[in-house]
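A structural walkthrough
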Amino acid sequence: MNGHFAAVGNGPGHKQFGHGIQVIDEEKAFNAHLNEYLSETQVAEAGFNYHLISVFGSQSTGKSTLLNHLFGTEFSVMSESERRQTTKGIWMSKNKKEGANADGAKMAENILVMDVEGTDGRERGEDQDFERKSALFALATSEVLIVNIWEHQVGLYQGANMGLLKTVFEVNLQLFLKDRKAQSPRSLLFFVIRDHIGNTPLSNLRNTLIQDLSKIWSSISKPQGLENSKIDDYFDFAFAALPHKVLQPQQFLAEVDKLGARFAAGHRSTKDQEFVGGVFLPEYHRRIPADGLSVYAEGVWDQITNNKDLDLPTQQELLAQFRCDEISREVLVGFDEIIAPLEEQQAESTRLGKASVLANLGATGAAAREKCVKAFETQASRYHKGVYTTKRGELESKIDSRLKALYQAQLSAAHKAGVAAFSDAVTNAVKTGQKSGGSYEFAEIVEKQKRKTLEFFKKEAQSLLIQGVAWSNFKPQYRLFEKELDEVSARLRKEEMRRLAIRVERWVKSRLGDAIGLEFNKLGSGRGGSGAPETGEKPPTEKDLWDRIWTVFIGIVKEAETRFTDRAKSFEANEEEVEVGLWRLRRKSWVALRERIEEEVMESNILMKLRENFEDKFRYDEEGVPRIWRPTDDIEGIYTRARESTLSLIPLLSRFRLAETYAPPDLPAFIGLQPAGAETEDEEDLAPIGGVDEEEGKSLEEEMTVLSESKRQDLVVRFKKMADGVYVEAKRSAIGGMTQ
Ligand code: GDP
Ligand code: MG
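Keep in mind that this is a model prediction, so the values were computed, not measured. (Residues numbered from 1 in each chain as written. Chains lettered and ligands numbered in written order. Predicted model: local features only at pLDDT ≥ 70, side-chain atom pairs only at ≥ 80, totals over all residues. Heavy atoms only, no water.)

Turning our eyes to something else, we now look at the overall build of the chain. Looking only at helices and strands, the chain features 22 helices and nine strands. Taken over C-alpha atoms, the radius of gyration comes to 57 Å for the chain, far larger than the 27 Å a tight globule of 740 residues would show. Looking at the chain as a whole, 47% of its 740 residues qualify as buried. Within the chain, counting contacts between residues at least 6 apart in sequence, those at least 24 apart form 77% of the total. Entry remark: accessible area of the chain is about 36,900 Å², with carbon and sulfur atoms responsible for 51%. Of the charged side chains in the chain, 100 are positive and 116 negative; the average position of the first set lies 1 Å away from that of the second. (Helix = DSSP H or I, 4+ residues; strand = E, 2+ residues; numbered from the N terminus. Rg over C-alpha atoms; globule rule 2.2 N^0.38 Å. Buried < 20%, exposed > 50% of the residue type's maximum accessible area, 1.4 Å probe, protein only. Contact = heavy atoms within 4.5 Å. Areas by Shrake-Rupley, 256 points an atom, 1.4 Å probe, with all protein chains shown as cover. Lys, Arg positive; Asp, Glu negative; His and termini not counted. Charge placed at Lys NZ, Arg CZ, Asp CG, Glu CD.)

There is a patch of like negative charges on the surface, built from Glu683, Glu684, Glu694, Glu695 and Glu696. Structurally, Glu684 can be placed in the loop between α20 (680-683) and α21 (700-703). (Patch = residues over 30% accessible without salt bridge, like charges linked within 9 Å, V, L, I, M, F, W, Y side chains within 5 Å. Salt bridge = Lys/Arg side-chain N within 4 Å of Asp/Glu carboxyl O.)

With respect to the helices and strands, the residue Thr65 is situated in helix α3 (residues 63-71). The class for Thr65 is buried, based on a relative accessible area of 14%. Sequence-distant contacts of Thr65, defined by excluding residues within four places in its chain, comprise Val77 and Lys245.

The next subject is the packing of helix α11 (residues 385-435) against helix α12 (residues 442-463). Look at α11 against α12: their axes get within 9 Å of each other, and the N-to-C directions meet at 160°. Overall, the two elements α11 and α12 adopt an arrangement that is roughly antiparallel. Along this stretch, α11 crosses α12, giving a crossing that reads as right-handed. Where α11 approaches α12, its residues Gln410, Leu411, Ala414, His415, Gly418, Phe422, Ala425, Val426, Ala429 and Val430 are matched on the opposing element by Phe442, Ile445, Val446, Gln449, Lys450, Thr453, Phe456, Phe457, Glu460 and Ala461. (Axes fitted to C-alpha atoms, helices over the stretch in contact; angles between N-to-C directions. Parallel < 35°, antiparallel > 145°, perpendicular 65-115°, else oblique. Left-handed = near helix turned anticlockwise from the far one by under 90°.)

What follows covers the packing of helix α14 (residues 545-570) against helix α15 (residues 575-600). The interhelical angle for the contact between α14 and α15, taken along N-to-C directions, is 145°, at an axis separation of 10 Å. Judged by the sense of rotation from one axis to the other, the crossing of α14 with α15 is right-handed. Across from Trp546, Ile549, Trp550, Phe553, Val557, Ala560, Glu561, Phe564, Thr565 and Ala568 in α14, the residues of α15 making contact are Val578, Gly581, Leu582, Leu585, Arg586, Ser589, Trp590, Leu593 and Ile597. Within the contact of α14 with α15, the residues separate by chemical class into 14 nonpolar, three polar and two charged. (Nonpolar A, V, L, I, M, F, W, Y, C, P; charged D, E, K, R; others polar.)

All right, on to the state of the cysteines then. Enumeration over the complete set of coordinates arrives at zero disulfides. Take Cys324: it sits in no disulfide, and the sulfur closest to it among the cysteines is that of Cys372, at 13 Å. On the basis of relative accessibility, which here comes to 0%, the residue Cys324 falls in the buried class. (Disulfide = S-S within 2.5 Å.)

Let us look at the sheet that holds strand β7 (residues 235-241). Strands belonging to one sheet form pairs held by backbone hydrogen bonds; the direction of such a pair is parallel or antiparallel. With respect to topology, seven strands assemble into an open sheet ordered β1-β3-β4-β2-β5-β6-β7, the strand pairing being mixed. The open sheet has two edge strands, β1 (21-24) and β7, and neither has a second partner. Pairwise comparison of adjacent strand axes, ignoring direction, gives a mean angle of 25° for this sheet. As paired elements, strand β3 (residues 89-94) and strand β4 (residues 111-117) share six bridges and run antiparallel to each other. Residue pairing across strands places Gly89 opposite Glu117, the latter belonging to β4. (Pairing = 2+ DSSP bridges.)

Bringing unusual backbone geometry into the picture now. One non-glycine residue, Asp195, lies in positive phi territory at about 55°. Along the chain, Asp195 falls in the loop between β6 (187-194) and α6 (202-219). In this structure, Asn360 takes a positive phi of about 55° despite not being glycine. With respect to the secondary-structure elements, Asn360 resides in the loop between α9 (312-351) and α10 (361-380).

Here we take up the environment of Leu653. Along the chain, the position of Leu653 falls in helix α18 (residues 649-654). With a relative accessible area of 0%, Leu653 lands in the buried category. Between the C-alpha atoms of Leu653 and Asn101, which are 552 residues apart in sequence, the distance is 132 Å.

Glancing now at the pairing of strand β5 (residues 144-150). Most of β5 sits out of view: six of its seven residues are buried. The pairing of strand β2 (residues 51-57) with β5 spans five bridges and is classified as parallel. Each residue of the ladder has a partner; that of Phe56, found in β5, is Val147. Inspection of the sheet shows β5 paired to β6 by seven bridges, in the parallel sense.

Moving on: the pattern of salt bridges. The tally for this structure, following the rule as stated, stands at 48 salt bridges. Between Asp685 and Arg584 there is a salt bridge; the shortest N-O distance is 3.0 Å. Taken together, the positions of Asp685 in the loop between α20 and α21 and Arg584 in helix α15 put the pair 101 residues apart, joining distant regions of the chain. Among the residues examined, Arg584 registers a relative accessible area of 5% and is labelled buried.

So, on to the nonpolar core. Core analysis: the largest hydrophobic core is formed by 178 residues, its most contacted members being Phe137, Phe169, Phe191, Phe520 and Phe618. The dominant element in this core, judged by the number of residues it contributes, is helix α13 (residues 475-524), at 16 residues. In contact with Phe618, other than residues within four places in its own chain, are Arg627, Trp629, Ile635, Ile638, Tyr639, Ala642, Val726, Tyr727 and Ala730. Residues Leu67, Val113, Leu242 and Phe280 belong to the second largest nonpolar core, which totals 29 residues. (Core = buried A, V, L, I, M, F, W, Y, C linked by side-chain atoms within 4.5 Å.)

Residues at a pLDDT of 70 or more form 91% of the chain, whose mean pLDDT is 87. Predicted confidence is poor over residues 1-15, with pLDDT under 50, and the contacts of this stretch with residues over four places away or in other chains come to 22 contacts. Between residues 528-537, whose pLDDT stays under 50, and residues either more than four places distant or in other chains, the model counts one contact. Two summary scores accompany this predicted model of the complex, namely pTM at 0.71 and ipTM at 0.99. (pLDDT = per-residue confidence, 0-100.)

Structure (structure tokens):
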């Protein structure tokens, strides 16, 4: 059963605390509801702005009566008629007299009063153990100890009260043994002399008491190292006298009222060390924040009842650890409310495989962090400094590890989104440029989009920066992002190079189509250029067909190379890339030329060319005038010459050979060695070229073969048949011309 419920019943709300709260019950059990009481009385939120007073004294000396009058409390008082001891234990109540007294003086705020009952059991030889324990408890918690004493007891050095004081002094010395360097808090012993008749002035009583106290102090055995300590090192003294309550009730009340005014904040006069204002000097305060008081008191009581060494610095550290953890948990709840949904959102999009950039994450995260840490600081900084600092660090690293995970995922999402946006934007801009006539500057597009994307990432990274928090500097991630954009740019540029290459290749093909056709057409005019309008220039002959084709080809490729290089340079392709592009261009151009030639020498085409060539020679004379055959004409001779002349073209056409050297052009030299920068993917779509790609097993001679042996023979046969037909026809026409 809980003490306060047992004592005051189960009334609802604050009423159940009407008599205060029994902190320690008669079974020496600590009341787990103390903090509830402190919360209900609004003390818990007061920080250090509260005071704790305990009262000591022999049984039935009017202690509870005094407290009830002084502080408006409702501690139980022994009834006049029964005169038996009230319950043992320690009761606590908040001062209910916070208004001004008759003189207009006000008490301090939030005074908690502890009524220590059942002390001084020695009179009846009773529980000295409880006396000692409660004294320790009161000293460990209270700023002021009221010592209640009858006037007639003053000077009785061996009296019951003196035994109690001896106990108080002894236990006080124990409290600070462990950490002597820690400034031991002082306590005020406030002697209230009851039933003061007035014959002996208070100052005399005071001197007597001080003498007695000194005697007691010198009589107690002091721990090692504290042998020379003086009573004033630990205690201050104050004195008050009250008239007989029953005999002088009016005066009693008036004096109590005055006494109440002394329970206010005060300081010492520099002149005579007397109190100025009230008796609550800051140095008496135990510096236990009000919201930690119940935990602290419980810890202290636990140590005391288990007969462990009670030392206050350790208790304060334990309290700080407990409370800092508790506060940390509380403030993390608020942090969690803001951050958990964001974590959830991020996890969700990760599950769905899409990187989402959360809006305002930096601002939200920083605000949540700031709020959380500030809330912790406000409450926890009142506790033991060392513990507070450690716990604050722990809290920060807890918060930061979560923020860090969030932020890093955010940046990796921004990274992914940025790269995709960049790639898309460049591709789209190129497409738009192509649609609108193909005039676009690739380098400019890349530059502009890169700037834009970097700006986006930078903004995001900067928004995540928390002042003074090193991990929140994401410069390295920014660099990484920039590096990746450069890689993507390089890839896009390569694609652009490919597109350029295709355009240039098409151009080469179309130029070759015209130019090569022209050269082959000249074959048809077998009259050795008699019809050529050019003057001064060496007229084309069949012999230099391949020279002309080669020259034309080289010219076209050179021009294409210039186009390619200029354009590639404009989008900042590097030398190596240009090298590879040109190498590919030359190869593709050669293949295009081969295809073009192939087309020209296709059976029907070449046969027609040969026929034209033959007919030119056979049907026209040297002046280019058509022959009218007469029977006297040497038709056979002309036929044979024309036929042989045309037939001689076939071997010429069969191989790509330059007239001067009677050798193929130096194709390997023209194409050049494969540039070091060419990767395998650059070669994938390239047809092998004989004499250039050695490993393909095809020789340059084979590459330069235009007509195979069998095709050649076939062509000869067909041409001869055709020529024969023309001859027969000529013969007939000659005879016919004669007969006509
Ligand atoms: P406590 O045991 O010290 O808390 O004393 P109580 O407050 O219960 O009072 C014990 C008895 O002393 C009661 O019967 C009170 O009426 C009586 N009493 C209270 N104050 C005074 C006082 O100032 N003078 C005298 N003579 N009796 C008092
Ligand atoms: Mg009492």
